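Descriptive structure summary
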Amino acid sequence: MSKNWEEFLAPYKQAVNELKVKLKGIREQFEKADDHTPVEFVTGRVKPIPSILDKAKRKQIAMNRLQEEMHDIAGVRVMCQFVEDINKVIHHLRGRKDFDIVEERDYVTNQKESGYRSYHVVVQYPVQTIMGEQMLLVEIQIRTLAMNFRATIEHSLNYKYNKNIPEEVQKRLQRAAIAASKLDDEMSEIRVEIKEAQKVFMQKKENEKKKAEN
């Protein structure tokens, strides 16, 4: 496998790039409809080779079973402004015809012990290659900006401490999770005002653009 990593990962890179374009399109469509978009922005990545090897060892996944058993070699992340937007994105994903959902994990309602919150959707996505169609597993994570900030910090700490974060730091992470949850709650409480303010701002930008063109 080591000699063929570039060939093996190429379809996953293609899947990430295609899904990023497609999911970013949700935002553009809502904006054109002059409606609040549940998608703030979209990112994606293919898991680094050392991380793939480490996870395969921990999960006891054979190298010839990576495509079937490792769900997150390709990952796409959808960021939302409000917790309520997460359900809108999930509803949209469930209705799409260009991939099949094979698993859902709700860490928003049922957060992990560490305080991690996010909604994971594993999809089977068809990639068209010169060798024919390949069905790949891709993990789509949907979360708010506050959830993402806290999760990113935890990821960095796991890397630093080799997934053995000291107890005191774990407690601080849990407090950070509570703070992030409270922030999401506050944003939900005033989301109507926020949406109205954003509409006024976007309309002002549009008017200024038209004025400049004339």
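Structure: see above.
Residues numbered from 1 in each chain as written. Predicted model: local features only at pLDDT ≥ 70, side-chain atom pairs only at ≥ 80, totals over all residues. Heavy atoms only, no water.

Scanning the protein from terminus to terminus reveals 7 helices and 5 strands. The linear arrangement of helices and strands in the protein, starting from the amino end, is α-β-α-α-β-α-β-β-β-α-α-α. Dimensions along the principal axes, computed over C-alpha positions, put the protein at roughly 60 × 50 × 30 Å. Within the protein, contacts between residues separated by at least 24 positions form 63% of all contacts whose residues are at least 6 apart in sequence. With an accessible surface of roughly 13,600 Å², the protein has 50% of that area assigned to carbon and sulfur atoms. (Helix = DSSP H or I, 4+ residues; strand = E, 2+ residues; numbered from the N terminus. Contact = heavy atoms within 4.5 Å. Areas by Shrake-Rupley, 256 points an atom, 1.4 Å probe, with all protein chains shown as cover.)

Bringing the pattern of salt bridges into the picture now. Side-chain pairs of opposite charge can arise where the charged atoms are in close proximity. The full count for this structure, using the stated rule, is 15 salt bridges. Note that Arg150 and Glu154 form a salt bridge whose closest N and O atoms lie 2.6 Å from each other. Here the residue Arg150 and the residue Glu154 both occupy positions in helix H5 (residues 145-160), the gap between them amounting to 4 residues, near one helical turn. Using a relative accessible area of 4% as the deciding quantity, one classes Arg150 as buried. On the basis of relative accessible area, Glu154 is assigned to the buried category, the value being 11%. Linking Lys171 and Glu167 is a salt bridge whose minimum nitrogen-to-oxygen distance equals 3.8 Å. Of this pair, Lys171 and Glu167 are both found in helix H6 (residues 167-189), 4 residues apart, which corresponds to roughly one turn of the helix. Judged by relative accessible area, which is 39%, Lys171 ranks as partly exposed. Its relative accessible area of 57% is what places Glu167 among the exposed residues. By sharing partners, the salt bridges in this structure join Lys22, Arg96 and Asp98 into a single network. (Salt bridge = Lys/Arg side-chain N within 4 Å of Asp/Glu carboxyl O. Buried < 20%, exposed > 50% of the residue type's maximum accessible area, 1.4 Å probe, protein only.)

Right, let's get into empty space enclosed by the protein. For the coordinates displayed, the defined rule picks out 1 cavity of 30 Å³ or more. Space inside the largest cavity adds up to approximately 40 Å³. Forming the boundary of the largest cavity are Gly115, Arg117, Met147, Arg150, Ala177 and Ala180. Among the secondary structure elements, those contributing two or more residues to the lining of the largest cavity are H5 and H6. (1 Å grid on protein atoms, 1.4 Å probe; cavity = no way out; pocket = protein on both sides within 12 Å on 5 of 7 lines; lining within 4 Å. Points joined across faces, edges and corners; volume = space filled by probe spheres on them.)

Before going further, it helps to spend a moment on the layout of surface pockets. A probe matching the size of a water molecule, rolled over the atoms, marks out where space remains unfilled. What the largest pocket holds in volume is close to 1,500 Å³. What lines the largest pocket is a set of 42 residues, among which Lys47, Asp72, His155, Asn158 and Lys163 lie closest to the centre. Among the elements of the structure, strand E1 (41-46), helix H2 (49-59), strand E2 (74-80), strand E5 (132-144), H5 and H6 are those that each provide at least two residues to the lining of the largest pocket. Considering each element in turn, the lining of the largest pocket owes the most residues, 7 residues, to H5. Across the lining of the largest pocket, the residue classes tally to 11 nonpolar, 14 polar and 17 charged. (Nonpolar A, V, L, I, M, F, W, Y, C, P; charged D, E, K, R; others polar.)

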